[in-house]
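# Topology and contacts: notes
Here is how the chains run, residue by residue.
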Amino acid sequence: MSATSTKTNERVLLLGAGGMLGSAVYEAATVRHSHVLATDIDLNEPWLVHQDFRDLASLERLFDEFKPTIVFHLGALTDLEYCETNPEDSWATNALSPENSALLAEKRGLTLVYVSTAGIFGGEQEFYTDFDMPQPTSHYAKSKYYGELFVERKMSKYFIFRAGWMMGGGPEKDKKFVNKIYRQIKGGAKELFVVADKLGTPTYTVDFANGMFRVLETGFYGLYNQVCGGSGSRLDVAREFVRLLGLEHEVKVTEVDSSHWQKEYFAPRPHSEKLVNMKLERRGINFMRDWKVCLAEYAEVFRKDLSGKV
Ligand SMILES: NC(=O)c1ccc[n+]([C@@H]2O[C@H](COP(=O)([O-])OP(=O)(O)OC[C@H]3O[C@@H](n4cnc5c(N)ncnc54)[C@H](OP(=O)(O)O)[C@@H]3O)[C@@H](O)[C@H]2O)c1
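Since we're looking at a predicted model, the values are computed, not measured.

With that settled, the discussion passes to the sheet that holds strand β15 (residues 272-275). Paired through backbone hydrogen bonds, the strands of a sheet run either parallel or antiparallel to each other. Here four strands make up an open sheet; going across it, the order is β6-β15-β10-β13 and the pairing mixed. Each edge of the sheet is formed by a strand with only one pairing partner; in this case those strands are β6 (127-128) and β13 (232-233). Across two bridges, the pairing between β6 and β15 is parallel. Looking at the pairing, phenylalanine 127 lines up with lysine 274 of β15.

For the rest of this paragraph, the subject is the pattern of salt bridges. Under the defined criterion, the tally for this structure stands at 16 salt bridges. One salt bridge connects glutamate 148 with arginine 162, and the closest N-O pair in it is separated by 2.7 Å. Placement of glutamate 148 in helix α5 (residues 139-154) and of arginine 162 in strand β7 (residues 158-163) is noted, with a sequence separation of 14 residues between them. As a salt-bridge pair, lysine 186 and aspartate 305 come within 2.9 Å of each other at their nearest N and O atoms. Of this pair, lysine 186 sits in helix α7 (residues 177-186) while aspartate 305 sits in helix α11 (residues 291-306); the two residues are 119 residues apart in sequence, bridging distant segments of the chain. Relative accessible area serves as the criterion here: at 13%, aspartate 305 is assigned to the buried category.

Sheet architecture is open: seven strands sit in the order β3-β2-β1-β4-β5-β7-β12, paired in parallel fashion. Each edge of the open sheet is held by one strand with a lone partner, namely β3 (48-50) and β12 (222-225). Each strand axis lies, on average, 20° off the axis of its neighbour in the sheet, ignoring direction. Sitting on the sheet, helix α1 (residues 20-32) touches β1 (8-15), β2 (33-40), β4 (70-73) and β5 (111-117), and the angle it makes with β2 is about 160°. Sitting on the sheet, helix α2 (residues 56-66) touches β1, β2 and β4, and the angle it makes with β1 is about 165°.

Next up on the list: the packing of α7 against helix α9 (residues 234-244). Direction vectors running N to C along α7 and α9 enclose 50°, while the axes themselves pass 10 Å from each other. When the axis of α7 is compared with that of α9, the two are oblique. Regarding α7 and α9, the two cross each other, and that crossing is right-handed. Side by side, α7 and α9 meet where Phe177, Val178, Ile181, Tyr182 and Ile185 of the first sit next to Arg234, Val237, Ala238, Phe241 and Val242 of the second. Among the residues making up the contact of α7 with α9, the classes are represented as nine nonpolar, no polar and one charged.

Turning next to unusual backbone geometry. In this structure, lysine 67 takes a positive phi of about 55° despite not being glycine. Tracing the backbone shows lysine 67 in the loop between α2 and β4.

Taken together, 27 residues surround the ligand, and among them Asp40, Leu74, Tyr140, Lys144 and Lys175 come closest. Here an oxygen atom of the ligand sits 2.9 Å away from a polar atom, N or O, in the main chain of leucine 21. Interatomic distance of 3.0 Å between a side-chain N/O atom of threonine 78 and an oxygen atom of the ligand. If the ligand stood free it would expose 890 Å²; the protein chains cover 92% of that surface. Every element with two or more residues in the shell around the ligand is listed here: α1, β5 and α5. A per-class count over the shell around the ligand returns ten nonpolar, ten polar and seven charged.

Cut-offs and rules
- Throughout this document, residue positions are counted from 1 along each chain, in the order its sequence is written.
- Totals for whole chains, interfaces and linings use every residue, but because this is a predicted model, local features are given only for residues with pLDDT of at least 70 and side-chain atom pairs only at 80 or more, for both listing and counting.
- With hydrogens and water set aside, each side-chain value is computed from the structure's full complement of heavy atoms.
- Strand pairing is defined by DSSP finding a minimum of two bridges between the two strands.
- Numbered from the N terminus, helices here are DSSP runs of H or I no shorter than four residues, and strands are runs of E no shorter than two.
- A pair is scored as a salt bridge if a Lys or Arg side-chain nitrogen falls within 4 Å of a carboxyl oxygen belonging to Asp or Glu.
- Think of it in three bands: with a 1.4 Å probe and only protein chains considered, a residue is buried below 20% of the maximum accessible area for its type, exposed above 50%, and partly exposed in between.
- Comment: axis = line fitted to C-alpha atoms, over the contacting stretch for helices; angle = value between 0 and 180 degrees taken between N-to-C directions.
- Contacts were defined at the residue level, with two residues in contact if any of their heavy atoms lie within 4.5 Å.
- Comment on the angle field: the value is read as roughly parallel under 35 degrees, roughly antiparallel over 145, roughly perpendicular from 65 to 115, and oblique elsewhere.
- Handedness of a crossing follows from how the near helix is turned relative to the far one, being left-handed for an anticlockwise turn of less than a right angle and right-handed for a clockwise one.
- Side-chain classes follow a simple rule in which Ala, Val, Leu, Ile, Met, Phe, Trp, Tyr, Cys and Pro form the nonpolar group, Asp, Glu, Lys and Arg form the charged group, and the remainder, Gly included, forms the polar group.
- Near is defined per residue: the residue qualifies when any heavy atom it owns lies within 4 Å of the molecule or strand.
- As used in this structure description, the phrase polar contact means that two N or O atoms lie within 3.5 Å; if the pair is within protein, one of them must be able to donate a hydrogen and the other to accept it, and residues adjacent in sequence are counted only when both atoms belong to side chains.
- Calculation of accessible area relied on Shrake-Rupley with a 1.4 Å probe; when residues are assessed, cover is drawn exclusively from the protein chains displayed.

Structure, rendered in structure tokens:
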């Protein structure tokens, strides 16, 4: 169904929707479906309702009250260093919680959507298809992979979408690379030190969210890599972003290797987490645009913020 046609009567429950991906999913959900309930522990939007998905009893009450037909388990602890130093919290949030959602959804015959990460791979290969074997190394990646396994083994109607380096949410919500670069620029940095030895596939939240709904409409359940087209290093993304901001002559982007940031980013990260959307491609349902096209669209909000228009 396209975003312009009549809304469906599906009842869509979003768990952990207050983050950088959540806003895009909320928007994509509300243009398609009449009944959308978005929840999080961080009530940073007027449309969010409180729900801690670690609490199985209250989650079950929510399922019984709202009576969803589709559940998106979006939320997670996504700070790798926090997860590395707080493994119990990481496991409770990233593994046990999707298990909670899966148990409740399966018991009621619902469809569950779980968002996973390219970070579950070992990094030795250059690219990873949907069929490559995960070899997670950090607590974050291990806990996310466990979430995948449980959903895959226990559920009948599920979708697992693996994202790459997420870009989205803008200066307020983006907790990841693009906004980390932006904050340095906004803070007056004239030189950025960016690694060239970490490779991946940027993933725009807007495309990712719309892609999930369009794949859901096909009813082709299963696990999918879903990243933007193209790939690159962190250095490539930083250089492109600085160029899009029109600052390539003001801000120097200097290449370093990962040892430069070892103290700040001590959690293990794969050398390459480039994904290929093999299954989406083969089934003719890959709706993701190239990452440079997406970054150009996304950079607009930062350009406006920088020029004081927002
Ligand atoms: N960011 C990436 O680069 C990336 C890449 C691949 C996959 N993913 C996956 O994509 C999904 C969305 O991530 P994101 O980037 O949107 O992360 P995010 O911006 O950190 O958003 C996650 C949201 O989940 C909330 N949350 C955490 N614990 C919760 C709990 N117990 N109950 C309810 N909500 C809870 C967080 O609240 P707090 O802010 O208060 O913690 C936050 O609002 C996650 O599953 C993540 O693993 C992310």
